[in-house]
Amino acid sequence: MSTLVRAEEILVYDADVDPSCEAIVVQCSDPRLQRAFREFTATELGLGAGDFMPLVVSGGASVLAHPQRLPKEFKFMRDRLEFYRAMMPSLRRVVLITHEGCRYSRALKKRVVGARDAPREETGHEDLKVVGAALASTLARLELTPELYYARFIGPGGARVSFERVV
Ligand SMILES: [Zn+2]
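No experiment lies behind these values; they were computed from the predicted model shown.

Participant: Got a sec to walk through the nonpolar core? Specific residues and values, please.
Facilitator: If you look at the biggest cluster of nonpolar residues, it comprises 30 residues, and the most contacted ones within it are Val26, Leu64, Leu81, Leu91, Leu96 and Leu135. Elements with a contribution of two residues or more to this core: β1 (23–27), β2 (52–56), α2 (71–87), β3 (93–99), α3 (103–113), α4 (124–141) and β4 (145–154). When sequence neighbours within four positions are dropped, the list of residues in contact with Leu135 reads Leu64, Phe74, Leu81 and Leu96. Core analysis: the second largest hydrophobic core is formed by 14 residues, Leu33, Leu45, Ile97 and Phe153 among them.

Participant: With reference to specific residues and values, describe α3.
Facilitator: An α-helix turns once per 3.6 residues; consequently, residues spaced three or four apart project the same way. Residues of α3 that are buried: Ser105, Leu108, Lys109 and Val112. The buried residues of α3 occupy an angular sector of 100° when the element is viewed end-on, so they sit on one face. Residues of α3 that are exposed and point over 90 degrees away from its buried face: Arg103 and Arg111. Buried-residue contacts for α3 involve α2 and α4. The first or second residue beyond α3 is Gly114, which carries a positive phi of 90°.

Basis of the calculations
Residues numbered from 1 in each chain as written. Predicted model: local features only at pLDDT ≥ 70, side-chain atom pairs only at ≥ 80, totals over all residues. Heavy atoms only, no water. Core = buried A, V, L, I, M, F, W, Y, C linked by side-chain atoms within 4.5 Å. Buried < 20%, exposed > 50% of the residue type's maximum accessible area, 1.4 Å probe, protein only. Helix = DSSP H or I, 4+ residues; strand = E, 2+ residues; numbered from the N terminus. Contact = heavy atoms within 4.5 Å. Arc of directions from axis to C-beta.

Below, the structure is given as C-alpha coordinates:
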(Lines give C-alpha, C1' and ligand atoms only; values in the text may rest on other atoms or scores of the structure.)
Protein backbone atom coordinates (compact mmCIF):
# COMPACT_ATOMS: atom_id res chain seq x y z
CA MET A 1 0.00 0.00 0.00
CA SER A 2 1.41 3.34 -1.03
CA THR A 3 0.21 6.86 -0.41
CA LEU A 4 2.36 8.24 -3.22
CA VAL A 5 0.43 9.97 -5.98
CA ARG A 6 1.92 9.79 -9.45
CA ALA A 7 2.31 13.12 -11.22
CA GLU A 8 -0.09 12.23 -14.03
CA GLU A 9 -2.87 11.64 -11.49
CA ILE A 10 -2.70 15.14 -10.06
CA LEU A 11 -5.42 17.41 -11.37
CA VAL A 12 -4.40 20.84 -12.54
CA TYR A 13 -6.48 23.97 -13.01
CA ASP A 14 -6.23 27.13 -15.06
CA ALA A 15 -4.79 30.21 -13.40
CA ASP A 16 -5.33 33.76 -14.62
CA VAL A 17 -1.82 34.86 -15.46
CA ASP A 18 -1.28 38.56 -14.78
CA PRO A 19 -4.98 39.53 -14.41
CA SER A 20 -6.00 43.14 -14.71
CA CYS A 21 -8.92 43.55 -12.29
CA GLU A 22 -11.30 46.49 -12.53
CA ALA A 23 -13.36 45.78 -9.39
CA ILE A 24 -13.37 44.58 -5.81
CA VAL A 25 -16.61 42.82 -4.85
CA VAL A 26 -17.41 42.75 -1.13
CA GLN A 27 -19.93 40.06 -0.29
CA CYS A 28 -21.12 37.83 2.55
CA SER A 29 -19.93 34.25 2.92
CA ASP A 30 -23.50 32.97 3.42
CA PRO A 31 -23.64 29.72 1.42
CA ARG A 32 -27.24 30.35 0.35
CA LEU A 33 -26.07 33.18 -1.87
CA GLN A 34 -22.77 32.13 -3.43
CA ARG A 35 -24.27 30.92 -6.68
CA ALA A 36 -26.42 34.06 -7.01
CA PHE A 37 -23.42 36.30 -6.26
CA ARG A 38 -21.39 34.55 -8.94
CA GLU A 39 -24.10 34.84 -11.58
CA PHE A 40 -24.96 38.44 -10.64
CA THR A 41 -21.32 39.46 -10.85
CA ALA A 42 -20.98 37.98 -14.33
CA THR A 43 -24.38 38.98 -15.73
CA GLU A 44 -25.26 42.34 -14.17
CA LEU A 45 -21.83 43.66 -13.26
CA GLY A 46 -20.17 42.32 -16.40
CA LEU A 47 -17.23 40.91 -14.43
CA GLY A 48 -15.77 37.55 -15.42
CA ALA A 49 -13.10 35.54 -13.64
CA GLY A 50 -9.92 37.61 -13.46
CA ASP A 51 -11.86 40.90 -13.80
CA PHE A 52 -12.52 41.29 -10.09
CA MET A 53 -11.17 40.48 -6.65
CA PRO A 54 -13.80 38.97 -4.35
CA LEU A 55 -13.65 40.01 -0.71
CA VAL A 56 -15.84 37.42 0.97
CA VAL A 57 -16.45 38.02 4.68
CA SER A 58 -19.26 37.17 7.08
CA GLY A 59 -21.74 40.05 6.88
CA GLY A 60 -20.41 41.37 3.56
CA ALA A 61 -20.55 45.16 3.36
CA SER A 62 -22.66 45.29 6.55
CA VAL A 63 -19.52 45.04 8.67
CA LEU A 64 -18.71 48.57 7.46
CA ALA A 65 -21.94 50.04 8.81
CA HIS A 66 -20.59 50.79 12.30
CA PRO A 67 -17.25 52.59 11.93
CA GLN A 68 -17.52 54.25 15.37
CA ARG A 69 -18.85 51.32 17.35
CA LEU A 70 -16.84 48.61 15.57
CA PRO A 71 -13.65 50.34 14.44
CA LYS A 72 -11.74 47.05 14.08
CA GLU A 73 -14.23 45.66 11.57
CA PHE A 74 -14.06 48.91 9.64
CA LYS A 75 -10.26 49.00 9.71
CA PHE A 76 -10.04 45.34 8.60
CA MET A 77 -11.94 46.20 5.45
CA ARG A 78 -10.34 49.58 4.80
CA ASP A 79 -6.84 48.07 5.10
CA ARG A 80 -7.68 45.46 2.50
CA LEU A 81 -9.20 47.97 0.10
CA GLU A 82 -6.02 50.03 0.40
CA PHE A 83 -3.83 46.96 -0.07
CA TYR A 84 -5.71 45.75 -3.15
CA ARG A 85 -5.67 49.25 -4.63
CA ALA A 86 -1.90 49.48 -4.21
CA MET A 87 -1.23 46.09 -5.80
CA MET A 88 -3.74 46.43 -8.64
CA PRO A 89 -3.60 49.84 -10.35
CA SER A 90 -6.34 48.84 -12.82
CA LEU A 91 -9.00 48.84 -10.05
CA ARG A 92 -11.78 51.40 -10.58
CA ARG A 93 -14.90 50.05 -8.87
CA VAL A 94 -15.84 48.71 -5.44
CA VAL A 95 -19.08 46.74 -5.36
CA LEU A 96 -20.52 46.59 -1.84
CA ILE A 97 -23.27 44.05 -1.23
CA THR A 98 -25.49 43.41 1.77
CA HIS A 99 -28.35 40.93 1.81
CA GLU A 100 -31.68 40.10 3.34
CA GLY A 101 -31.63 37.72 6.31
CA CYS A 102 -27.93 38.18 7.04
CA ARG A 103 -27.26 36.30 10.24
CA TYR A 104 -23.82 37.73 10.84
CA SER A 105 -25.08 41.28 10.36
CA ARG A 106 -27.84 40.63 12.91
CA ALA A 107 -25.33 39.22 15.42
CA LEU A 108 -23.13 42.26 14.85
CA LYS A 109 -26.02 44.62 15.58
CA LYS A 110 -26.72 42.82 18.84
CA ARG A 111 -23.11 43.46 19.80
CA VAL A 112 -23.38 47.11 18.84
CA VAL A 113 -26.70 48.09 20.42
CA GLY A 114 -27.39 45.16 22.78
CA ALA A 115 -29.80 42.28 22.22
CA ARG A 116 -32.78 44.16 23.69
CA ASP A 117 -32.48 47.11 21.34
CA ALA A 118 -31.35 45.22 18.23
CA PRO A 119 -33.70 45.96 15.34
CA ARG A 120 -36.21 43.24 14.49
CA GLU A 121 -36.69 44.56 11.02
CA GLU A 122 -34.35 43.85 8.17
CA THR A 123 -31.74 46.62 7.97
CA GLY A 124 -29.33 45.50 5.25
CA HIS A 125 -30.83 48.03 2.86
CA GLU A 126 -30.36 50.96 5.28
CA ASP A 127 -26.88 49.68 6.22
CA LEU A 128 -25.71 50.36 2.69
CA LYS A 129 -26.36 54.10 2.93
CA VAL A 130 -24.33 54.25 6.14
CA VAL A 131 -21.58 52.19 4.52
CA GLY A 132 -21.49 54.46 1.48
CA ALA A 133 -21.14 57.56 3.66
CA ALA A 134 -18.58 55.96 6.00
CA LEU A 135 -16.37 54.84 3.12
CA ALA A 136 -16.79 57.93 0.93
CA SER A 137 -13.56 59.70 1.87
CA THR A 138 -11.45 56.49 1.75
CA LEU A 139 -12.79 55.56 -1.68
CA ALA A 140 -12.35 59.10 -3.03
CA ARG A 141 -8.73 59.06 -1.85
CA LEU A 142 -8.17 55.67 -3.52
CA GLU A 143 -9.98 56.86 -6.67
CA LEU A 144 -12.48 54.01 -6.47
CA THR A 145 -16.16 54.35 -7.36
CA PRO A 146 -18.62 52.59 -5.04
CA GLU A 147 -21.59 50.58 -6.29
CA LEU A 148 -24.06 49.50 -3.61
CA TYR A 149 -26.41 46.55 -3.95
CA TYR A 150 -28.95 44.87 -1.71
CA ALA A 151 -29.69 41.18 -2.36
CA ARG A 152 -33.24 40.10 -1.59
CA PHE A 153 -34.74 36.60 -1.45
CA ILE A 154 -37.70 36.15 -3.77
CA GLY A 155 -40.54 33.64 -3.93
CA PRO A 156 -41.53 30.68 -1.81
CA GLY A 157 -38.74 29.41 0.42
CA GLY A 158 -36.43 32.15 -0.82
CA ALA A 159 -35.28 30.03 -3.75
CA ARG A 160 -34.50 33.04 -5.97
CA VAL A 161 -32.46 36.17 -5.39
CA SER A 162 -32.65 39.63 -6.92
CA PHE A 163 -30.22 42.52 -6.56
CA GLU A 164 -31.35 46.09 -6.09
CA ARG A 165 -29.03 49.00 -6.73
CA VAL A 166 -29.02 51.40 -3.78
CA VAL A 167 -28.01 55.01 -4.29
ZN1 LIG B 1 -24.80 37.39 5.41
